[in-house]
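Coordinate inspection notes
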Amino acid sequence: MRIGMGYDVHKLVLGRELIIGGVNIPHTHGLLGHSDADVLTHAIMDSLLGAMALGDIGKHFPDTDKNYKGADSIKLLEAVRGIMTSHGYEVVNLDATIVAQAPKMAPYIEAMREIIGKTLNTNIDSINIKATTEEGLGFTGEEKGISAQSICLLMKNA
């Protein structure tokens, strides 16, 4: 069994869609990034890659590569699943936290779990996603950005 952790953060800006966990969330601002800036999916990918000791998403999907400009992060997660499969690993458990003052994430969490579970080809009961605020403190509390953390447990296939 292998444990990995991931963290990501993106700045909130006008003129971009807010996509978190593969879900388009109505909001006045979106996240700035080379891809769709899906902060949750990026943290999850980093935790998976970390558990396999294979670096991070910057190594596999560099922001200097035009092929990933505006990329759908769920498609990138599919690629990470392919790497996982080729190395003989499967997800036992994944636990992630979104840190955002606004908008409220609760209405979208089940859809995120379904998308991520399906993408990773794992049971939704193995995927936990939660959200919290920082009570007005720091860059997330001041609504300047959104961050996410993820930890996963992978098991080598028999």
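Scroll up for the structure.
For the structure given in this document, a descriptive report is provided here. (Residues numbered from 1 in each chain as written. Predicted model: local features only at pLDDT ≥ 70, side-chain atom pairs only at ≥ 80, totals over all residues. Heavy atoms only, no water.)

From N to C terminus, the protein includes five helices and seven strands. Secondary structure elements of the protein, listed N to C terminal, follow the sequence β-β-β-β-α-α-α-β-α-β-α-β. A compact globule built from 158 residues should have a C-alpha radius of gyration of about 15 Å, and the protein, at 15 Å, falls within 12% of that. Considered along the principal axes of its C-alpha atoms, the protein spans approximately 45 × 35 × 25 Å. (Helix = DSSP H or I, 4+ residues; strand = E, 2+ residues; numbered from the N terminus. Rg over C-alpha atoms; globule rule 2.2 N^0.38 Å.)

Counted under the stated rule, the structure contains three salt bridges. D95 is paired through a salt bridge with K130; the nearest N and O atoms lie 2.6 Å apart. With D95 in strand β5 (residues 89-99) and K130 in strand β6 (residues 127-132), the pair connects residues that are 35 residues apart, well separated along the chain. Residue classification places D95 among the partly exposed positions, given a relative accessible area of 25%. Measuring nitrogen to oxygen at the nearest pair gives 3.1 Å for the salt bridge that ties K144 to E142. (Salt bridge = Lys/Arg side-chain N within 4 Å of Asp/Glu carboxyl O. Buried < 20%, exposed > 50% of the residue type's maximum accessible area, 1.4 Å probe, protein only.)

Let's shift gears to the side chain of S147. Tracing the sequence through the fold places S147 in strand β7 (residues 145-156). Apart from the residues within four sequence positions on either side, S147 is in contact with Y7, D8, V9, V39, T97, I98, V99, F139 and T140. (Contact = heavy atoms within 4.5 Å.)

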